[in-house]
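An overview of the molecular structure
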Amino acid sequence: MAVSAGFKVSIEIVKKLLDLGRQYGVDVDGLLKEYDFRIQPIKGDPAYMPAEDVEFMLSVGLRQMSDPLPGLTLGLASQQQLFGLVAFLAQTSSTVGACLEKIMQLEPLISNTGKTRLEYSPGEAQLIWHCHLQDPFVRTHVGSFILFTYTQLINTGTQAGHLVHEVHMAHPAPKDRATLDVYRNAFNCPVIFNARNYRVLFPATAVDLSVNTADPMLNTVLADHAQKLLEERAKPASFTDEVRLHIQKLLQDGNVSRENVAAMLNITSRTLHRKLRQEGTSYGDLLSRLRLERSCDLLRQSAQSVQAIARDAGFDEAHSFTRWFRQMTGLSPSEYRQKGPDPE
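Please read these numbers as outputs of a predicted model, since none were measured by experiment.

Rules used throughout
- Residues numbered from 1 in each chain as written.
- Predicted model: local features only at pLDDT ≥ 70, side-chain atom pairs only at ≥ 80, totals over all residues.
- Heavy atoms only, no water.
- Helix = DSSP H or I, 4+ residues; strand = E, 2+ residues; numbered from the N terminus.
- Rg over C-alpha atoms; globule rule 2.2 N^0.38 Å.
- Buried < 20%, exposed > 50% of the residue type's maximum accessible area, 1.4 Å probe, protein only.
- Contact = heavy atoms within 4.5 Å.
- Areas by Shrake-Rupley, 256 points an atom, 1.4 Å probe, with all protein chains shown as cover.
- Lys, Arg positive; Asp, Glu negative; His and termini not counted.
- Charge placed at Lys NZ, Arg CZ, Asp CG, Glu CD.
- Axes fitted to C-alpha atoms, helices over the stretch in contact; angles between N-to-C directions.
- Parallel < 35°, antiparallel > 145°, perpendicular 65-115°, else oblique.
- Nonpolar A, V, L, I, M, F, W, Y, C, P; charged D, E, K, R; others polar.
- Pairing = 2+ DSSP bridges.

What follows is about the overall build of the protein chain. Looking only at helices and strands, the protein chain has 16 helices and seven strands in total. For 344 residues, the compact-globule estimate of 2.2 N^0.38 gives 20 Å, and the protein chain sits close to it at 22 Å. A principal-axis box enclosing the C-alpha atoms of the protein chain has dimensions of 65 × 40 × 40 Å. Scored against the burial criterion, the 344 residues of the protein chain give a buried share of 48%. Restricting to contacts in the protein chain with at least 6 residues of sequence separation, those with at least 24 account for 69%. With the model as given, the accessible surface of the protein chain reaches about 17300 Å², and the carbon-plus-sulfur share is 52%. The centroid of the 36 positive side-chain charges in the protein chain is displaced by 5 Å from the centroid of its 38 negative side-chain charges.

Okay, structure coming up:
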């Protein structure tokens, strides 16, 4: 059973997940082609794609990893790479409590497939993650990843050292002892399976502890940026957003043109031009930006040749594509690929 309609995942996160898969030896591009999986934004919500599609992608991709516990493996190395702005904000917060509050506030920037809350009982704090994913296999490994991320944050973020004293998993225990030991060694505390929900237990006094990497000035700057992102994503989609959505789809299908975009919107090309001009942009500008974005993604995240990426971008000759790409980025496609993913 797939996750219900209305749940979504940030496209930025999806792209990072695909890149992580490649780093761990998964034939991501082959799987995308085999299952005809495409990054399709939600109409009216262009920063996100349906969680149902991402859940299916994870179901296929996680099974390609040789590790029996891919969620824990990814958690050991990939939180910063995956969560970017949210991770930096958490790490620059003043206290553990402020750090956790910031994560809960900014969860919508990542996805609404899980919701975190902090509860207190005498002497104890409980960080609870409620999961909306339905696929048992995906829930198991995403839940493990999330709880390991929270545990690491609490255990390594202060001078107090190890603070988490119990972890609850809402999925069944592994059947073999060796895998069970991996869980216990990773969390370094008792792990309870088949629990009512995913939760991390630690002393209530820990929320007032100072974070080792606290940086009030940087945190203020990052918090302002994050708040603007939240406000921007809460706004109704503009006509430009809708046009971008159709251009992205047509780029993937290989038949992008002004006329085709206008036809998808049931308007004339002239009306398309006029409405975009009213919003301060043009079809040509949008197409150029989206072609560049797609080309950069393919150069960073796939093994396709420059010639193939040039054809994907609508160029008949690789040298014409190279000249255009250099004008847009200051680098040749090969130089850009060697440079690697942009830092967060």
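Still more to cover.
What follows deals with the environment of His225. Inspection of the secondary structure assignment puts His225 in helix 9 (residues 216–234). Exposure remark for His225: the relative accessible area of 43% places this residue in the partly exposed category. Once the C-alpha coordinates of His225 and Leu85 are considered, the two residues, 140 residues apart in sequence, prove to be 9.0 Å apart.

Attention now moves to the packing of helix 3 (residues 51–62) against helix 7 (residues 136–156). Following both chains from N to C, one finds helix 3 and helix 7 inclined at 80°, their axes separated by 9 Å at the closest point. As the angle between them shows, helix 3 and helix 7 are arranged roughly perpendicular. Contact residues: helix 3 offers Glu55, Leu58, Ser59 and Leu62, while helix 7 offers Phe137, Val138, His141 and Val142. Of the residues belonging to the contact of helix 3 with helix 7, the class tally is five nonpolar, two polar and one charged.

The next point concerns the pairing of strand 3 (residues 114–121). On any regular strand, side chains alternate: one points to one face of the sheet, the next to the other face. Here strand 3 runs beside strand 4 (residues 124–131); their pairing, made up of eight bridges, is antiparallel. In the strand pairing of strand 4, Lys115 is matched with His130. Count of turn residues in the strand 3/strand 4 antiparallel hairpin: two residues, of which Gly123 carries a positive phi of about 80°.

A few words on the pairing of strand 4. Of all eight residues in strand 4, seven are buried, a share of seventy percent or more. Relative to strand 7 (residues 198–203), strand 4 is paired through six bridges, and the arrangement is antiparallel. Bridge pairing links Ile128 to Arg199 in strand 7.

Phi angles above zero are rare outside glycine, and Asn194 is one such case at about 55°. In this fold, Asn194 is placed in the loop between strand 6 (191–192) and strand 7. The exposure class of Asn194 is exposed, given its relative accessible area of 57%.

Here we take up the sheet that holds strand 7. Backbone hydrogen bonds are what pair the strands of a sheet, in a parallel or an antiparallel way. Spatially, 3-4-7-5-6 is the arrangement adopted by the five strands of the open sheet, whose pairing is mixed. Both edges of this open sheet fall to strand 3 and strand 6, since each of them pairs with a single strand only. Across the sheet, helix 6 (residues 96–110) lies against strand 3, strand 4 and strand 7, angled at about 150° from strand 3, the strand it touches most.

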